[in-house]
Amino acid sequence: MTEDQNITLNKTMTKTPRDIAIAQLAAYNNCDLDAFCALFAADAVLTDLPSGQVVATGITAIREMYKRRFATPDLHCKVHATNDIGDFAIDRETVYGLPDGPMDVVAMYEVKGGLIQRVFFIRG
């Protein structure tokens, strides 16, 4: 394979932020911790808005947070609307199966190099 063919092949295999958001949702709804965490950069950061409070930093903290979340019976997320801008896949979601009942969320996934770098949450 020539270098030009290899570059073309790599470009066609590059996953968009939307592709990563879709894969992340599938892993979340399947409570598949390994598949879910494989979509995050090692130094990924989860942040609540508008407070700016960091919820988790790094894949170890993210793994621990979602390990507890995935132990919740009937956990699933339904996406109502999407929007994609640059490196961001933005979802309007409702999370079901939480102890306090359903939660409305806007999640903004910043994806670079095929991995989620940052997630910003606005929770209802």
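Note: the structure precedes this text.
Residues numbered from 1 in each chain as written. Predicted model: local features only at pLDDT ≥ 70, side-chain atom pairs only at ≥ 80, totals over all residues. Heavy atoms only, no water.

A. Representation of the environment of Val-119 within the structure. Summarising the element assignment, Val-119 is placed in strand E6 (residues 115-123). Exposure remark for Val-119: the relative accessible area of 1% places this residue in the buried category. Each C-alpha atom, one on Val-119 and one on Met-108, is 5.5 Å from the other, the two residues being 11 residues apart in sequence. When residues no more than four places from it in sequence are discounted, the contact partners of Val-119 are Phe-40, Val-45, Leu-46, Thr-47, Met-108 and Tyr-109. (Helix = DSSP H or I, 4+ residues; strand = E, 2+ residues; numbered from the N terminus. Buried < 20%, exposed > 50% of the residue type's maximum accessible area, 1.4 Å probe, protein only. Contact = heavy atoms within 4.5 Å.)

B. Representation of the packing of aromatic side chains in the model. Counted under the stated rule, the structure contains 7 aromatic pairs. For the ring pair Tyr-28 and Phe-70, a centre distance of 5.5 Å and an interplane angle of 85° mean the geometry is edge-to-face. On the criterion of sequence distance, the pair formed by Tyr-28 in helix H2 (residues 17-29) and Phe-70 in helix H4 (residues 59-70) is long-range, its members being 42 residues apart. Of the residues examined, Tyr-28 reaches a relative accessible area of 6% and is grouped as buried. Relative to Phe-70, the ring of Phe-36 lies with its centre 5.4 Å away and its plane at 80°, an arrangement referred to as edge-to-face. Of the two residues, Phe-36 sits in helix H3 (residues 33-37) while Phe-70 sits in helix H4, which places them 34 residues apart along the sequence. The residues Phe-36 and Phe-70 share a single accessibility class, namely buried. (Phe/Tyr/Trp six-rings, centres within 6.5 Å; stacked < 30°, edge-to-face > 60°.)

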